[in-house]
Amino acid sequence: MAGYGGPGGRTGRAGRVGRLRPLNRPKPVHVVPSDGGSPARLRVKGRVRRVESILETWRIDDEWWREPISREYFSILVEGGGHLTVYRDLVEGRWYLQPD
Amino acid sequence: MSPYGACGEYVELHAHSAYSFLDGASRPGELAVRAAELGYRALALTDHDGLYGSLEFARAATSLGVQPITGAEVTFSSPFADERENEATTPRATVTNGTRGRVDASTRPDETGPRYHMTLLAETPAGYANLCRLITRAHMENERGDPRVSLEALLERPEGLIVLTGCRRSPILAALDRGTREAEALFGRLVDVFGPRNLYVELQHNSVHGDRTRMKTLGALADRFRVPVVATGNVHYHDRDRHRLQDVLVAIRNRTTVEDSHELRRPNACFHLASANEMAWRFETRPDAVLNTLVIAERCSEFDLTRDLGYEFPDFVGSGRAPAIRVLAEVCRAAFEVRYPRGNPDRPEAERRLQEEIALIDRHDLPGFFLVYRDILDLARDVAKKVRGGSEPRSLLPPGRGRGSSVSSIVCYLIGLSHVDPVKTNLYLGRFLNDAMGSVPDIDIDFPRDIREELILAVYERYGYDHVGLVCTFPTYRTRSIVREVGKALSLPMGDVEKLAKLADPGEDGIAGELARIDEFRSKLDAAPWRAFAELTGEIRGLPRHISQHVGGMIISSRPLVELVPLEPAAWEGRVLCQWDKDSCDDAGFIKIDFLALGMLSLVEEAVELIADRHGEVPDLSRIDYEDEEIYDRICSGDTVGLFQVESRAQIQMVRRVRPRNLADLAIQVAIVRPGPIVGGAVNPYVRRREQLRENPDYVVPYDHPLLEEALGETLGVIIFQDQVLQVCKCLAGFSDGQAEGLRRAMSRKRSKEALLEYWEAFREGAEGRGVDRPTAQKIFEQVVAFSEFGFPKSHAAAFGLLAFQSAWLRDRYPTEYYVSLFNNQPMGFYALDAIGRDARRHGIGVRLPHLNMSDVRCTPEDDDLRVGLGFVREWGTDVAEHVVEERRRGGGFASLPDFLRRTPATLKRGAIENLIWVGGMDVFGLDRRELLWQTGLWLGPETETEAERRRRELAASGAGIARATPPIRGRRSTDRADHHQTELPFDEPYADLAFAGTSDMERLTAEYRILSFAAKHHPFALVRDRLPRGTISSETFEALPNRTDVRVAGIVVARQRPHTAKGYIFILMEDEAGPINAIVRPELYEKCKGAIRLEPFLSIDGTLQKDGATYNILATDVRALRLETPAARPTPASASNGTRDDAFAYLEAIRHDPPPTMSWGGGGGCGR
């Protein structure tokens, strides 16, 4: 199946993926959300940037029969230009930056 | 003020239930309840191409104060002429790093082009009729399971429909993918037909990747055309948690696992019924879309499915002599003079009853209803004449027979619907027709299978295809299918799943509880997939799997049925199903006509024909001696295997104690082993009182109250028949017809216990008024309530008792013909063919193996024995067998194997031929079976399809040419043809002296089981009787043993029963060489030995012999799988087998098959065979 590249051990087949090196492994990112829960500001490469606009949002809920994955994704434009994809892991409550 | 003025509201207009079959995970009722919890004013049910759950939903929603909206998500084929060529441009699933722009999983493009969805809602009755017509077209004009219509079909009948442009799989979105111009062209056509008032652009936001963009594009398109937008949730489950089951259903639908269906499943859990707040948030950029849900809901409030259906039963079309009541009275009067001529002692009573019934029928305006039935019965007579051909013997039999409560009606008797004299049999009418009837009465008619098939078609012809439909059923997920399918979807190990499927016998706590009870599965519950399995198996239970045909119900309507409910083709060609099941049809007020196929009637017809053929006499079953002592003696001895209704394990035990001596007793016998009398505590008192009456004719039957004597006299003071409940209430508590009818209805509904208690007050007061003290009244009322489980009305029991006697009479007088017919009409009744064959042998009817030159397609009588038909051989289809028999008739018997091969079609495969050889079907050629098999291999070669067919063709074409080209065969007649041109090749006979080992008894018996599913000669134990566990005794010794002896027995399991009325006790019917063995297993022991009891086809049981008169039971203390002793452990004289010692193990293994499933006497129906 097409799995979800997860940070660290949060992948479906932990044992098997151990030997593989995901190319686009998500990285934890510091995000300040707005009241509605969408990202308002985030720290990228040591700099805090404001979110200019949200282009698209989507959510996935999967692998509930093993170790549930639940994420809310945001495709955003940040201050000063730059298109990023971040998600909030709804299981653990943390934010990640999803490399393209 | 309109209820839809309020803000902060939302109405869901696009919701699927489980009636979208594997694309919806909630029952309609669950959706309705959740909608009420969320404060919805209305909710639409829009299943895929069907209104299967619409009425169930409408009733549930209405009762919760939620306005039901009727609609469907209809599938459309390509609206574009060039779509097929450009199929590649259809939106496909894309998977990138957690984003899935996948589309609706329910339909995918296939070789016939892509499919699109639009959501249609019925605003008016005309709109509902158009929706029904459209869905009917979608189903009737396409292959089963692939409904679709063209967009043109929708445009032809737009009145009364509100069209929502559809989900992510809408034609508009597909068109947008191809370019704005194309989308505008298509949309323009829709606007032209529906106008901006009846067309809405459907916006969905389920947090699926791309939803925002899609919403924006669609919104812009709508604005350009000044067409409104509407928000929908594309709901597939009522509650977010149910998304897991939805995922599993998708995996099941695609025959894969959740793991491998990543791209087919919906990407998240946001397809639930959402709150108004959540929807406002999802659609914050288009608040008008949310508001418009309320506008549409208000418009749809005009149409109420529970009220506006407009069904009418076809009126009686008389010969201008109307009114119908006079016609009915005349018809009855004419028959009356024949049935009750002057001087008949029953005439005055019959006269009184006829007047009473005619008056009731008139009062309820039902004469047309009865006359239509009479009309159908006339049709049945014509059909019977056609089906029976020139068969003289069968023409004496009625085309069909009434069952159920209608048998109590003298009108039904006089117009030929039933064949039991209700006056003579003293049948109580009130259950069928009474003053306070709320709905039309039920009339059920049993037919032989062949007549029923034709009659259904004839009814279509008579009333028109648009006016007739068969009632459907929705088979639900049951334990085994749940375990297998959910287990597979979750990728659980197949071995575990299969074992659990056979072992699981869940109680109230479902499979989850069962898992916790079985040792080897308990520990698995720690693992996440098994935990999910335990939970999901509970959620899926009872969900509809697919649509299927109800056993007998037909709906006839004077208004075209296609405007009342969508129709679709049944699996059986030429038949049409309506999309509603029995309950929905009942709720819609449809009159359901039940034509039931009764195997026993087919048997009787065939037996009568065989008897006439062989004996030159035709028994008139209406005039046989119904007092014949010999017949009752045999029944009373428990010798009833293969008889109608009195053959089950429980019946055999009961019949020995009740000892029926006439038809009235037989009616009681038929009715007594039912949940009603059992739970009502009627069985033991009745049996004891009968025993006492036999011993002491002066015995006075005790009644709980003297007032009961009239109602319960014939059943010795206890309630055995359903109608006695009503009579008791009337005579003891003075209930009116209406009260009694209300009580009966309360009893027949599932949630009836509370409803029943409401009647207690009325009962107590009524009884007090008649001088019955409270404790007595309470005791009797408790018996009445306990009877709320299923029971037979007396009329039904009388009809079935009569047929039971006829079957016993036929078996007694013409046993060969009876067993032949019994074989030919399987499956029916309680026993497998194997057990019936052994019973036949016990009665001196030999079962002769199939014989290539003597067997017919079906079984036939031969001397006093039964010759098994060729059609019974595995892999011999009826067509092939018919062909072979026809060829034999035309060209004479087959002289040799090559002769046979040359004259038979290539459709007869090598495997089938070998099967016939294995069971001795070609022993006539004088060769050993192994040699025949070897020769077949030479002639036909390996069974690769094309190769075998090629050789067969060559063989047929060149006759002996091939015979010469292949090694010559010993002992074979030459099949030379003079005109063949193939060069003869000189061959030595290298195989001439080949020796063949012969086949052992065990090999033969194994082959018989494998190929025929029964053994013709030996009992399976005959060959291993010296290998049974030490200390095993034969059942023939029971008679000589004292009561309460400890015994060990072994047998082949014939039936296992766990009646829900028996408090967890299990009854096992086994058979050893001498005959049946009944074992009773206590609940504690069952828990301990469940594996063996549920999984093993052969058991060894230790226990105590309990003797009660002629009834023997083993009360088990241990139940194990039968293990044969090794020769070393138990040196014995030579076995009956000529195989080696170790064969025995292989043998048991080979004839081992799954044990019969656990049966229950409970549940509704279950009264025929």
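Scroll up a little and you will see the structure.
Residues numbered from 1 in each chain as written. Chains lettered and ligands numbered in written order. Predicted model: local features only at pLDDT ≥ 70, side-chain atom pairs only at ≥ 80, totals over all residues.

**A word on the overall build of chain B**
Consideration 1: Scanning chain B for helices and strands turns up 45 helices and 24 strands.
Consideration 2: Looking at chain B alone, contacts between residues at least 24 apart form 72% of all its contacts between residues at least 6 apart. (Helix = DSSP H or I, 4+ residues; strand = E, 2+ residues; numbered from the N terminus. Contact = placed C-beta atoms within 7 Å.)

**What to know about the overall build of chain A**
Consideration 1: Each helix and strand counted, chain A has one helix and seven strands in total.
Consideration 2: Its helices and strands in sequence order give chain A the pattern α-β-β-β-β-β-β-β, from N to C terminus.
Consideration 3: Of all 100 residues assigned to chain A, the portion counted as buried reaches 27%.
Consideration 4: Here the analysis covers contacts within chain A between residues at least 6 apart in sequence; of these, 31% occur between residues at least 24 apart. (Buried ≥ 20, exposed ≤ 12 C-beta atoms within 10 Å, placed from the backbone.)

**With respect to the environment of B:Val483**
Consideration 1: For B:Val483, the location among the structural elements is in helix H17 (residues 479–489).
Consideration 2: Once residues within four sequence positions are removed from consideration, B:Val483 is found in contact with B:Val497, B:Leu500, B:Ala501, B:Ala504, B:Ile511 and B:Thr537.

**Things to note about the interface of chain A and chain B**
Consideration 1: Counting from both sides, the interface comprises 17 residues of chain A and, opposite them, 23 residues of chain B.
Consideration 2: If one sorts the elements of the side of chain A that touches chain B by residue count, strand E4 (residues 47–62) of chain A sits on top with six residues.
Consideration 3: The residue makeup of the side of chain A that touches chain B, split by class, is eight nonpolar, four polar and five charged. (Nonpolar A, V, L, I, M, F, W, Y, C, P; charged D, E, K, R; others polar.)

**Digging into the sheet that holds strand E18 (residues 865–867) of chain B**
Residues and elements named next belong to chain B.
Consideration 1: One open sheet accounts for three strands, arranged E16-E18-E17; its pairing is mixed. A strand with exactly one partner marks an edge of an open sheet, and here the two such strands are strand E16 (847–848) and strand E17 (860–862).
Consideration 2: Judged from the three bridges that link them, E17 and E18 form a sheet pairing that is antiparallel. By the bridge assignment for E18, threonine 860 is matched with arginine 867. (Pairing = 2+ DSSP bridges.)

**Observations regarding helix H5 (residues 171–178) of chain B**
Consideration 1: The buried fraction of H5(B) is high, at six of eight residues.
Consideration 2: Next to the buried residues of H5(B) lie strand E2 (67–76), strand E5 (116–122), helix H4 (151–156), helix H6 (180–198) and helix H7 (211–225) of chain B.

**Some details on the packing of helix H19 (residues 510–517) of chain B against helix H21 (residues 528–540) of chain B**
The description of two packed helices rests on the angle between their axes and on the distance between the axes.
Consideration 1: Their axes nearest at 6 Å, the elements H19(B) and H21(B) cross at an angle of 145 degrees. Only B:Ala534, B:Glu535, B:Thr537 and B:Gly538 of H21(B) make contact with H19(B), whose side of the interface consists of B:Gly510, B:Ile511, B:Ala512 and B:Leu515. (Axes fitted to C-alpha atoms, helices over the stretch in contact; angles between N-to-C directions.)

**Quick notes on the packing of helix H11 (residues 324–339) of chain B against helix H13 (residues 367–388) of chain B**
Residues and elements named next belong to chain B.
Consideration 1: The contact between H11 and H13 brings their axes to 8 Å, and the two run at 50 degrees. In terms of axis orientation, H11 runs oblique to H13. Regarding H11 and H13, the two cross each other, and that crossing is left-handed. Contacts between H11 and H13 involve Ala324, Ile325, Val327, Leu328 and Val331 from the first element and Pro367, Gly368, Phe370, Leu371 and Arg374 from the second.
Consideration 2: The class makeup of the residues in the contact of H11 with H13 is eight nonpolar, one polar and one charged. (Parallel < 35°, antiparallel > 145°, perpendicular 65-115°, else oblique. Left-handed = near helix turned anticlockwise from the far one by under 90°.)

**Considerations on the sheet that holds strand E1 (residues 42–48) of chain B**
All names here are of chain B.
Consideration 1: In spatial order, the strands read E1-E2-E5-E6-E7-E8; together these six strands make up an open sheet with mixed pairing. Of all strands in the sheet, those bounded by a partner on one side alone are E1 and strand E8 (229–232). The average angle at which neighbouring strand axes cross in this sheet is 35 degrees, direction not considered.
Consideration 2: Here E5 pairs with strand E6 (residues 161–164) via four bridges, running antiparallel. Residue pairing across strands places threonine 119 opposite leucine 164, the latter belonging to E6.

**Describing the nonpolar core**
Consideration 1: Core analysis: the biggest nonpolar cluster contains 330 residues, and B:Leu43, B:Leu121, B:Met554, B:Cys578, B:Val728, B:Cys729 and B:Ala804 have the highest contact counts within it.
Consideration 2: Sorting elements by how many residues they give to this core places helix H34 (residues 794–813) of chain B first, with eleven residues.
Consideration 3: Of all hydrophobic cores here, the second largest spans twelve residues; its members include A:Val31, A:Trp58, A:Ile76 and A:Tyr87. (Core = buried A, V, L, I, M, F, W, Y, C linked by C-beta atoms within 7 Å.)

**Observations regarding the pairing of strand E7 (residues 95–98) of chain A**
For a regular strand, side-chain orientation follows a simple rule: the groups alternate between the two sheet faces.
Residue and element names in this part refer to chain A.
Consideration 1: Two elements, strand E1 (residues 27–28) and E7, share two bridges in a ladder whose sense is antiparallel. Of the residues in E7, the one forming a bridge with lysine 27 is leucine 97.
Consideration 2: Bridge analysis of strand E6 (residues 83–89) against E7 gives four bridges, and the strand direction is antiparallel. In the strand pairing of E7, threonine 85 is matched with glutamine 98.
Consideration 3: Between E6 and E7, which pair antiparallel and follow one another directly, the connecting turn spans five residues, one of which, glycine 93, has a positive phi of 80 degrees.

**So, the pairing of E1(B)**
Residue and element names in this part refer to chain B.
Consideration 1: The buried count for E1 comes to seven of seven residues, which makes it a mostly enclosed element.
Consideration 2: Looking at chain direction, E1 and E2 are connected through seven bridges and run parallel. Considered in E2, the bridge of leucine 43 is made with proline 68.
Consideration 3: Taken together, E1, helix H2 (residues 54–63) and E2 constitute a β-α-β crossover, and its handedness is right-handed. (Right-handed = clockwise from strand over helix to strand, strands pointing away.)

**Looking at unusual backbone geometry**
Residue and element names in this part refer to chain B.
Consideration 1: For the bond from glutamine 826 to proline 827, the omega torsion is 0 degrees, close enough to zero to count as cis.
Consideration 2: As for its position among the elements, proline 827 is in the loop between helix H35 (815–824) and helix H36 (833–842).
Consideration 3: The residue arginine 255 is not glycine, and still its phi comes out positive at about 50 degrees.
Consideration 4: Following the sequence through the fold, arginine 255 ends up in the loop between helix H8 (243–253) and helix H9 (276–282).
Consideration 5: By the C-beta count within 10 Å, which is 10 here, arginine 255 ends up exposed.
Consideration 6: With a phi angle near 55 degrees, asparagine 426 is a residue other than glycine that sits in the positive phi range.
Consideration 7: One can find asparagine 426 in the loop between helix H15 (410–414) and strand E10 (444–447).

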